[in-house]
Amino acid sequence: MSLNFAFSPEHEAVRDTVRRLCRDELAPLVATAEETESFPRDVFKRWGELGLFGVRYPEADGGSGLDKVSDCIVREELSYLSQAFATSWSAHSHLGIWPIWKIGTPAQKARYFGPALAGEKISGFGLSEPDGGSNIRAMKTRAEKVDGGWKLNGSKLYITNAPFADFLLVAARTSPDLTPQAISLFIVDLPNAGFDIHKLRKEGIRASETGLIHIEDAFVPDDCLLGEVTGTYPVILECLSENRVGVAANALGMARAALDAAQSYAQDRIVANKRIGDYQAVAHKLADMAAEVEAAKWMVYYGAWRVDQGNLDSATAAKVKLIATEAAVHVSEQAIRILGGAGIMSEYPVGRIHRDALVYVIGEGTSDIQRNLIARGMGFKP
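For the structure given in this document, a descriptive report is provided here. No experiment lies behind these values; they were computed from the predicted model shown.

With that settled, the discussion passes to helix α6 (residues 106-117). Among all positions in α6, only Gln108, Tyr112, Phe113, Pro115, Ala116 and Leu117 are buried. Where α6 terminates, the next one or two residues include Gly119, which has phi positive at roughly 75°.

Right, here's the structure in full:
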């Protein structure tokens with residue numbers, strides 16, 4: 001058995017492509033997007049042109065034929081620039097279309113998956129609800145079978161891309177039983193007369209548009225039931241497990257950005273004729289931050305490797321997300337402390353990074369939910 005911690009030339013090419021894109025095209029858009037809390041939607045077409053939505057999907061299905069490691073590299077580099085951009089990208093490239101790729105019918109893949117890879121249609125994933133929190137089985141949105149299709153009623157909360165999406169995957173209860181088999185996924189074209197979408201204002205990830213959705217007697221035709229089968233809860237769980245590795249890569253990008261900003265400031269800021277990084281109190285903070293970022297890096301890419309090997313389990317995914325997201329919060333907070341007064345000025349990125357990082361110890365399953373999953377993997381029942 002051999003171990004190889006090196007990225008392949010293909011992986012490095014992906015990283016270089018995304019870094020150049022961020023530097024030359026996306027960086028000038030970030031400030032305005034944050035101030036207006038509006039996402040520049042034409043970016044989706046550019047991502048599609050570069051094949052960035054398809055990095056983890058097979059060429060036979062229209063993707064780039066790479067792997068989950070490549071997907072995490074894209075996420076890390078986009079997040080280094082702006083978590084709002086990375087969040088909008090990942091809600092589309094994974095949550096919004098991965099289940100369609102996994103179990104969608106050929107017609108559904110042609111109608112939604114292909115255009116989404118090209119950035120011609122924008123997607124999102126309607127899962128979380130106002131009363132449900134992290135308990136998917138407590139879902140209240142319901143789908144009733146009617147002539148020619150289904151009628152949906154309920155609500156969804158904190159749905160990324162919802163204010164401007166062309167379609168959403170929406171989870172709904174297709175029977176009253178409180179069992180996994182009772183939950184199914186529907187592809188809903190927008191606008192839909194039964195969907196009332198309200199854009200939310202946020203403290204973190206401001207440029208990524210998020211919606212509250214009220215659903216009242218929304219009709220969707222039969223061919224919009226994903227895979228034309230009910231009971232797709234296991235697909236939702238598999239999608240979320242893989243995405244936890246993905247959002248851990250987002251967190252890694254944020255942590256790296258915060259560390260680099262703090263290190264640069266510590267090199268430039270002079271107090272009493274001495275760089276502040278040469279004071280032990282600051283140097284030790286930076287050393288701890290560097291160690292946390294390095295640990296998160298290898299957790300993330302180990303998790304991505306497990307996805308590519310086809311043996312990612314929920315406990316491993318939870319460990320990856322827990323370590324990376326908590327590191328992003330801690331490293332960004334320490335960066336603010338190192339910058340001092342400058343750390344809360346908008347001309348420096350660390351305050352924005354910290355606000356954004358806090359979102360991911362809540363979203364995609366809170367840190368406590370991750371701890372529950374890890375403990376269950378150890379044989380306990382919290």
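After presenting the structure, the write-up continues.
Packed helix pairs are characterised by how far apart their axes lie and by the angle those axes make with each other. Contact pair helix α9 (residues 314-339) / helix α10 (residues 350-359): the axes reach a minimum separation of 9 Å and the direction vectors enclose 155°. Between α9 and α10, the angle is such that the two are roughly antiparallel. Here the hand of the crossing between α9 and α10 comes out left-handed. Side by side, α9 and α10 meet where Ala328, Val329, Ser332, Glu333, Ala335, Ile336 and Leu339 of the first sit next to Val350, Gly351, Ile353, His354, Ala357 and Leu358 of the second. Partitioning the contact of α9 with α10 into residue classes produces nine nonpolar, three polar and one charged.

Here we take up the pattern of salt bridges. Two side chains of opposite charge can pair, provided their charged atoms sit close to one another. Taken as a whole, this structure holds 26 salt bridges when the rule is applied. The salt bridge involving Arg256 is made with Glu77; its shortest N-O contact spans 3.2 Å. Of this pair, Arg256 sits in helix α7 (residues 233-268) while Glu77 sits in helix α3 (residues 68-81), and the two are 179 residues apart along the sequence. For the pair Arg256 and Glu77, a shared accessibility class is recorded, and that class is buried. Within the structure, one salt-bridge network assembled from shared partners comprises Arg15, Arg19, Glu76, Glu77 and Arg256.

Criteria and thresholds
- Residues numbered from 1 in each chain as written.
- Predicted model: local features only at pLDDT ≥ 70, side-chain atom pairs only at ≥ 80, totals over all residues.
- Heavy atoms only, no water.
- Buried < 20%, exposed > 50% of the residue type's maximum accessible area, 1.4 Å probe, protein only.
- Helix = DSSP H or I, 4+ residues; strand = E, 2+ residues; numbered from the N terminus.
- Axes fitted to C-alpha atoms, helices over the stretch in contact; angles between N-to-C directions.
- Parallel < 35°, antiparallel > 145°, perpendicular 65-115°, else oblique.
- Left-handed = near helix turned anticlockwise from the far one by under 90°.
- Contact = heavy atoms within 4.5 Å.
- Nonpolar A, V, L, I, M, F, W, Y, C, P; charged D, E, K, R; others polar.
- Salt bridge = Lys/Arg side-chain N within 4 Å of Asp/Glu carboxyl O.

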